[in-house]
Amino acid sequence: MANVRTRFSPSPTGKLHIGGLRTALYNFLYARQQQGEFLLRIEDTDQARLVPGAVENIIQNLRWAGLAFDHEPVTQSERLPLYRRYAEQLLASGHAYRCTCTAERLESLRRDQEAKKLPMRYDGRCRGRTDTAPASGEPSVIRFSMPQVGTIACDDLIRGRILFNAATLDDQILMKTDGFPTYHLASVVDDHEMKITHVVRGEEWLPSMPKHILLYQALDWTPPAFAHLPLLLNPDRSKLSKRTGDVAVDEYREAGYLPDALLNFVALLGWNPGTEQEVFSLQELIEKFSFGRVNKSGAVFNREKLDWINGMYLRHLPTDQLVALAYPVLQTAGLLKPSTPRDFVQRVIALEQSRLKRLDELPPLVQYFFDDPVLDPAMLPWRSQTAADCKTVLMALTGLLEGLPDDRLTADGLQTAVKSMMEERKWGNGETLWPLRVALSGRRASPGPFEILPVLGKTTSVARLKRAANALS
Ligand code: GLU
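I will try to describe carefully the structure that is included in this document. (Residues numbered from 1 in each chain as written. Predicted model: local features only at pLDDT ≥ 70, side-chain atom pairs only at ≥ 80, totals over all residues. Heavy atoms only, no water.)

## Quick notes on the overall build of the protein
Working step 1: Regarding its fold elements, the protein presents 18 helices and 12 strands.
Working step 2: Compactness check: the protein gives a C-alpha radius of gyration of 32 Å against a globular reference of 23 Å for 473 residues, more than 25% above the reference.
Working step 3: For the protein, the spread of C-alpha atoms along the three principal axes comes to 105 × 50 × 40 Å.
Working step 4: By residue count, 51% of the 473 residues in the protein fall in the buried class.
Working step 5: Expressed as a percentage of contacts within the protein between residues at least 6 apart in sequence, the contacts between residues at least 24 apart total 76%.
Working step 6: Approximately 22,700 Å² of the protein is accessible, and the part contributed by carbon and sulfur atoms is 51%.
Working step 7: Mean positive and mean negative side-chain charge positions of the protein (58 and 56 charges, respectively) differ by 3 Å. (Helix = DSSP H or I, 4+ residues; strand = E, 2+ residues; numbered from the N terminus. Rg over C-alpha atoms; globule rule 2.2 N^0.38 Å. Buried < 20%, exposed > 50% of the residue type's maximum accessible area, 1.4 Å probe, protein only. Contact = heavy atoms within 4.5 Å. Areas by Shrake-Rupley, 256 points an atom, 1.4 Å probe, with all protein chains shown as cover. Lys, Arg positive; Asp, Glu negative; His and termini not counted. Charge placed at Lys NZ, Arg CZ, Asp CG, Glu CD.)

## A closer look at the site of the ligand
Working step 1: Taken together, Arg7, Ser9, Pro10, Ser11, Glu43, Tyr183, Arg201 and Trp205 make up the full set of residues adjacent to the ligand.
Working step 2: Between the ligand and Arg201 there is a distance of 3.1 Å, counted from an oxygen atom to a side-chain nitrogen or oxygen.
Working step 3: Within the side chain of Trp205, an N or O atom sits 3.2 Å from an oxygen atom of the ligand.
Working step 4: Here the shell around the ligand is composed, by residue class, of 3 nonpolar, 2 polar and 3 charged. (Near = heavy atom within 4 Å. Polar contact = N/O pair within 3.5 Å; in protein donor to acceptor, adjacent residues only side chain to side chain. Nonpolar A, V, L, I, M, F, W, Y, C, P; charged D, E, K, R; others polar.)

## Some points on the side chain of Asp156
Working step 1: Within the secondary structure layout, Asp156 lies in strand β6 (residues 151-156).
Working step 2: A distance of 2.8 Å separates a polar side-chain atom of Asp156 from the backbone nitrogen of Arg159.
Working step 3: Once residues within four sequence positions are removed from consideration, Asp156 is found in contact with Ile162, Leu206, Met209, Phe226, Ala227 and His228.

## A look at the nonpolar core
Working step 1: The biggest cluster of nonpolar side chains holds 107 residues, and the ones touching the most others in it are Phe369 and Phe370.
Working step 2: Sort the elements by how many residues they give to this core and helix α1 (residues 18-33) lands first, with 9 residues.
Working step 3: Residues within four places of Phe370 in sequence aside, it is in contact with Leu330, Leu335, Leu336, Lys337, Thr340, Phe344, Val345 and Val348.
Working step 4: In terms of nonpolar packing, the next biggest core, distinct from the first, is built from 39 residues, Tyr83, Ala87, Ile162 and Val189 among them. (Core = buried A, V, L, I, M, F, W, Y, C linked by side-chain atoms within 4.5 Å.)

## A word on the packing of aromatic side chains
To describe a pair of aromatic rings, you give the distance between the ring centres and the angle between the ring planes.
Working step 1: By the definition in use, this model includes 15 aromatic pairs.
Working step 2: Between Tyr183 and Trp205, the ring centres sit 4.3 Å apart and the planes meet at 45 degrees, which makes this aromatic pair tilted. Of this pair, Tyr183 sits in helix α5 (residues 183-193) while Trp205 is found in the loop between β9 (198-202) and α6 (209-219), placing the two residues 22 residues apart along the sequence.
Working step 3: For Tyr183, a relative accessible area of 17% puts it in the buried group.
Working step 4: Overall, the relative accessible area of 31% leaves Trp205 in the partly exposed class.
Working step 5: Relative to Phe280, the ring of Trp271 lies with its centre 5.6 Å away and its plane at 65 degrees, an arrangement referred to as edge-to-face.
Working step 6: Taking the relative accessible area as the measure of exposure, Phe280 reaches 1% and is therefore buried.
Working step 7: If you follow Arg22 out to its NZ or CZ, it ends over the ring of Tyr26, 5.9 Å from the centre.
Working step 8: Geometry around Tyr122 places Arg143 over its ring, the cationic atom sitting 3.7 Å from the centre. (Phe/Tyr/Trp six-rings, centres within 6.5 Å; stacked < 30°, edge-to-face > 60°. Lys NZ or Arg CZ within 6 Å of the ring centre and 35° of its normal.)

Below you can see the structure in the form of structure tokens.
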């Protein structure tokens, strides 16, 4: 078999979205698995829908995700003569015709069909025309002359054989009045010219497959293999869209998802390994991916699963890598001063690493390490503990801490010292450790006091304990 070549061919009509990332990923996985090539093509022939910055956004996010493409991207607007040449060839061979029906005529045709509840399609008025050159000044499009009867058989790697009824197909426009090709012509010409062997794209393009197959036949080319990926759905099974949730890859990136975690999650939207395994490195995905294990039915986008996978990745990241990722997040949140020592930041992050699901959760979780927390005195006593008893505990702990030699200011050293004080004074765990932890962190939930204390240091900890004790009077 010829060397496998796949392509991701977005239209630059907006930012790269999650569905696009999945399409790119499956194309990438298959190409890498087959030691083939993965190409990028920018489909910008619909000039009215171009969004400035979209191409940059798509390329940037593919880079961020680690989906490197081979060769320079192909940009359709730079290849207009190519499409024109093939459109003319189709005119000459009688597979296409020039159509001069005006926008007004098509509009009234459309309204007419709508009123009669007929499928909306071109009525073929210009179909018999054989003029190949445009009359001067008269705007015209080039339409594909579709067969009127019969069935068109299409083979899909995921869906198997699908039969389309020719009578339902419209005489597709191939070349528009502005001299640009439509998606259909450009995509078929480019897939052929770029020697694409596998067209992997979203299910919304399935109805286009028969038109494309017919174009390949008309041009006397061998069609590539096709795979149409299932729709992405919200948990309520509505179609995933901008209105119903985050769809731009940017939003996930900014929320602190790791690229590998997002890819892992996206890979499972429609594909499954046939085992219980859920966490995959990119290399494992390359090895295990197959079209045979892509579902036909829609894939539900489950945000909690993404958080779970991301948490797995964050926990397994070497702490210094996590610190590098967390730095800008803490900086943006205004928690770091130029004088904040890096090893302090590292120790803070190491404490939270096992609980973290997303990087954007970090600032509120660790703020108390950088700024004194706002204390709610009512939170300090443990259950039915009185304010006076709580204050006694806090003052005793302050004294203990002040007297503790620096070399015992470790989690173990503190634990031993505090536990022996508890035994001596017959204090329970809750009534001692809860006020201690709340005095230090100001939070109902945080790592334990013996973990927090060595990171905060003696001076800050003593000051916070005194402040808390005072707040109780
Ligand atoms: N340009 C199309 C899109 O943005 C791609 C269709 C295809 O892959 O053939 O979805």
